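# Observations on the three-dimensional arrangement
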Amino acid sequence: MDLPNEMIYNIWNKLNKIDVLYSFMGVNKRFNKLVCNMTYTRSIELVESNNHPNNCSLTYPILDRFCLNILPQIHELVECLTFESISMDRILSAGHYPRLQKLTVMKVEPEFVIRHFIDESPFVQIFKQQITYLTLSINDPEKTQSLIDLSTTVFAPIFSMFKSLIELDFGSPGDRRYPARLKIADLPSTICFSSSIVHLRISVDTFDDCLCLLDGRLTYLHRLVIQISNICTTKLIPSDMVINTIRSFSLTSHSETKEYDSEVISLLRRMIYLEDLMLRLTVGNRSAFIDNTHLNNEILLYLPRRQTLTFNIMTYTTVINETNWMKLDNIQHTFYNGKSHQCICYIDQYPRGKARSHIYSISYTLNDLYTISSSFPGGLFMHIVELKKEKEVLEKELDKALEKGENAKNNEEAAMQNKIADSIEVDIKDLNKEIKEAEEKADIKPTELESNNKKLKY
């Protein structure tokens with residue numbers, strides 16, 4: 001191929017990095033040199049999506065070629081690795097990975113952690129001081145497995161062994177409503193916690209588990225993204241101690257809670273240095289709807305350093321009066337940092353005097369709604385708007401690739417352009433599926449989205 005290096009890189013950049021390495025490593029000396037560019041070797045993701053959860057997603061021929069031929073040649077350049085737990089032994093034994101700092105392990109079972117996350121494990125011996133970013137995507141635990149057992153066998157060893165961890169993402173695959181969760185409050189007092197962690201993403205069982213993570217044991221924790229299964233009255237001794245390390249806090253709970261005012265607000269008011277806040281909550285048995293006035297007076301007033309606020313809150317109440325309805329009809333903004341920020345609110349009334357309000361910030365992407373009604377103003381579903389814009393860009397790139405393929409000077413260049421076009425078509429297909437699913441969740445029609453989108457003010 002007589003194309004200049006810059007043009008080859010432009011073509012490769014349209015492809016998946018794994019495809020570039022798999023297709024061009026070993027073709028000739030020139031390609032070997034070009035493909036060892038850090039663009040393609042810094043981060044290696046040996047996984048594919050939309051496959052059976054109990055099998056290795058990456059096909060065996062591809063995995064074999066990477067483990068036997070590709071990784072041994074580039075292992076010294078790799079800084080980030082993503083793979084499934086079933087293939088970890090083969091991938092890590094393919095090289096020494098002296099620069100490896102970020103590790104993402106998908107489809108993790110508790111048995112995998114018990115086998116590999118022990119002091120005698122070669123994996124721990126090599127990487128316990130080296131890994132600073134660790135993501136474990138936990139498969140749903142068996143129904144018979146207790147939360148205590150999951151926390152003790154999976155969570156505790158990670159915290160105690162990886163002494164250099166800065167970021168720990170202890171989540172579940174996908175954006176699931178009911179992820180594998182941990183019970184921190186009942187862990188033995190002998191469990192050691194890695195105090196170096198700055199960012200933590202985790203799913204826990206109760207509000208007490210959240211409070212335990214914020215009791216000072218994680219000295220440098222600045223960002224906490226937490227999903228709580230049940231927010232109920234705490235069994236711990238109440239504390240008004242200021243939480244002075246947290247700068248970013250995201251709290252999600254899909255189960256209805258009656259302890260929002262007594263527990264959640266009390267916790268938020270202790271985070272006086274908080275800069276970024278996200279709330280996704282369902283609140284029940286409240287005498288009044290949660291509105292912009294409440295958010296301003298009861299929360300934001302106590303957070304003087306607040307920079308961003310993103311929220312999606314549903315409130316159920318049986319106390320309905322004309323004032324409540326009038327206030328909700330007029331909710332369009334919240335105010336913080338002296339600026340007005342758009343929010344949307346709508347209401348649903350049920351038999352026997354019950355009602356529900358739903359208030360959310362415009363900045364919220366709304367890609368995880370589970371209980372919305374026909375009153376939902378789907379035209380403000382900004383996430384769908386962005387997806388459609390992305391699709392338009394890809395369609396233009398596809399037209400260009402097809403045109404270049406038709407006008408190619410030789411078969412080799414035409415084949416390259418056709419491969420680019422095939423890759424773009426796959427991306428467009430995935431986007432179409434994502435758009436359709438999002439529109440179904442929002443209970444809207446594409447024409448409604450386009451019509452209402454014209455009314456948005458940016």
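Calculation notes
Residues numbered from 1 in each chain as written. Predicted model: local features only at pLDDT ≥ 70, side-chain atom pairs only at ≥ 80, totals over all residues. Heavy atoms only, no water. Helix = DSSP H or I, 4+ residues; strand = E, 2+ residues; numbered from the N terminus. Buried < 20%, exposed > 50% of the residue type's maximum accessible area, 1.4 Å probe, protein only. Contact = heavy atoms within 4.5 Å. Areas by Shrake-Rupley, 256 points an atom, 1.4 Å probe, with all protein chains shown as cover. pLDDT = per-residue confidence, 0-100. Arc of directions from axis to C-beta. Axes fitted to C-alpha atoms, helices over the stretch in contact; angles between N-to-C directions. Parallel < 35°, antiparallel > 145°, perpendicular 65-115°, else oblique. Nonpolar A, V, L, I, M, F, W, Y, C, P; charged D, E, K, R; others polar. Phe/Tyr/Trp six-rings, centres within 6.5 Å; stacked < 30°, edge-to-face > 60°. Core = buried A, V, L, I, M, F, W, Y, C linked by side-chain atoms within 4.5 Å. Polar contact = N/O pair within 3.5 Å; in protein donor to acceptor, adjacent residues only side chain to side chain. Patch = residues over 30% accessible without salt bridge, like charges linked within 9 Å, V, L, I, M, F, W, Y side chains within 5 Å. Salt bridge = Lys/Arg side-chain N within 4 Å of Asp/Glu carboxyl O. Lys, Arg positive; Asp, Glu negative; His and termini not counted. Charge placed at Lys NZ, Arg CZ, Asp CG, Glu CD. Pairing = 2+ DSSP bridges.

On a plain count of helices and strands, the protein comes out with 16 helices and 13 strands. Sorting the 458 residues of the protein into buried and exposed places 47% on the buried side. Sequence-distant contacts in the protein: of pairs separated by 6 or more residues, those separated by 24 or more amount to 71%. Element-wise, carbon and sulfur atoms account for 49% of the exposed surface of the protein, whose accessible area totals about 23500 Å².

What follows covers the confidence of the model for the protein. Taken as a whole, the protein shows an average pLDDT of 79; of its residues, 76% reach a score of 70 or greater. Averaged pLDDT values over the elements of the protein bottom out at 39 in helix α16 (residues 446–453) and peak at 96 in helix α11 (residues 260–269). Low pLDDT (under 50) marks residues 50–56, which in the prediction has eleven contacts with non-local residues, meaning those over four places away or in another chain. Here residues 173–177 is modelled with pLDDT under 50, and outside its nearest four sequence neighbours on either side it reaches 13 contacts, counting other chains as well.

The set of residues buried in helix α1 (residues 5–12) consists of Ile8, Ile11 and Trp12. Seen along its axis, α1 keeps its buried residues to an arc of 95 degrees; they face one direction.

Attention now moves to the packing of α11 against helix α12 (residues 292–299). α12 packs onto α11 with a crossing angle of 55 degrees between their chain directions and a minimal axis gap of 10 Å. Classed by the angle they form, the pair α11 and α12 counts as oblique. Taking contact as the criterion, the partners of Tyr260, Asp261, Ile265, Leu268 and Arg269 in α11 are, on α12, His294, Leu295, Glu298 and Ile299. For the contact of α11 with α12, the per-class residue count stands at five nonpolar, one polar and three charged.

So, about the packing of aromatic side chains. Here the distance between the centres and the angle between the planes together describe a pair of aromatic rings. Inspection of every chain in the model, using the stated rule, returns six aromatic pairs. With a centroid separation of 6.1 Å and an interplanar angle of 20 degrees, the aromatic rings of tyrosine 9 and tyrosine 40 are classed as stacked. Pair noted here: tyrosine 9 is in helix α1 and tyrosine 40 is in helix α4 (residues 38–41), with a separation of 31 residues, a long-range link. The exposure class assigned to tyrosine 40 is buried, which follows from its relative accessible area of 2%.

Once that is clear, we can look at the nonpolar core. Grouped together as the largest cluster of nonpolar side chains are 112 residues, with contacts concentrated most on Trp12, Ile202 and Phe249. In contact with isoleucine 202, other than residues within four places in its own chain, are Phe155, Phe170, Leu182, Ile184, Leu213, Leu224, Val225, Ile226 and Gln227.

Turning to unusual backbone geometry, a few remarks are in order. The phi dihedral of tyrosine 97 is positive, around 50 degrees, even though this residue is not glycine. Here tyrosine 97 lies in the loop between α6 (88–92) and β3 (102–108). On the basis of relative accessibility, which here comes to 0%, the residue tyrosine 97 falls in the buried class. The phi torsion at lysine 107 lies on the positive side, around 55 degrees, for a residue other than glycine. Looking at the element boundaries, lysine 107 is found in strand β3. Overall, the relative accessible area of 17% leaves lysine 107 in the buried class.

What follows concerns the environment of phenylalanine 207. Here phenylalanine 207 is to be found in helix α10 (residues 207–213). Classification of phenylalanine 207 by relative accessible area gives buried; the value is 1%. C-alpha separation for the pair phenylalanine 207 and serine 229, spaced 22 residues apart in sequence, amounts to 8.2 Å. Excluding residues within four positions of it along the chain, phenylalanine 207 makes contact with Ile228, Asn230, Ile231, Cys232, Glu263, Val264 and Leu267.

The next thing to look at is α12. Note that an α-helix has 3.6 residues per turn; residues three or four places apart therefore point the same way. Every buried residue of α12 is listed here: Asn292, His294, Leu295, Asn296 and Ile299. The opening residue of α12, the one whose side-chain oxygen lies 3.2 Å from the backbone nitrogen of threonine 293, is aspartate 291.

Taken together, the side chains of Glu390, Asp427, Asp430, Glu434 and Glu437 define an acidic patch exposed on the protein surface. A per-element tally of the negative patch places helix α15 (residues 411–442) first, with four residues. With respect to the helices and strands, glutamate 437 occurs in helix α15. By relative accessible area, which is 40% here, glutamate 437 ends up partly exposed.

Moving on, we come to the pattern of salt bridges. Two side chains of opposite charge can pair, provided their charged atoms sit close to one another. Scanning all chains against the criterion turns up nine salt bridges. For the salt bridge of arginine 42 with glutamate 79, the shortest nitrogen-to-oxygen distance reads 3.6 Å. Here glutamate 79 lies in the loop between α5 (60–74) and β2 (80–84) and arginine 42 lies in the loop between α4 and β1 (43–45), a separation of 37 residues in the sequence. Classification of glutamate 79 by relative accessible area gives partly exposed; the value is 23%.

Note on placement: aspartate 205 falls in strand β6 (residues 199–206). Here aspartate 205 falls in the buried class, since its relative accessible area comes to 9%. Along the primary structure aspartate 205 and arginine 181 are separated by 24 residues, whereas in three dimensions their C-alpha atoms are 5.8 Å apart.

This part covers the pairing of β2. Burial of β2 is extensive: five of the five residues sit out of reach of the surface. Alternating positions in β2 separate into two faces, Cys80, Thr82 and Glu84 on one and Leu81 and Phe83 on the other, with burial throughout. Sheet topology note: the β1/β2 ladder contains three bridges and is parallel. For isoleucine 44, the partnering residue across the bridge sits in β2 and is leucine 81.

What follows is about a positive patch on the surface. A grouping of Lys14, Lys396, Lys400 and Lys404 is seen on the molecular surface, where their side chains present a positively charged patch. Following the sequence through the fold, lysine 396 ends up in helix α14 (residues 382–406). On the basis of relative accessible area, lysine 396 is assigned to the exposed category, the value being 58%.

This part covers the side chain of glutamine 417. Tracing the backbone through its elements, the reader meets glutamine 417 in helix α15. Take glutamine 417: its relative accessible area is 7%, and that puts it in the buried class. Not counting residues up to four positions away in its chain, the partners in contact with glutamine 417 are Ile11, Ala401, Lys404 and Gly405.

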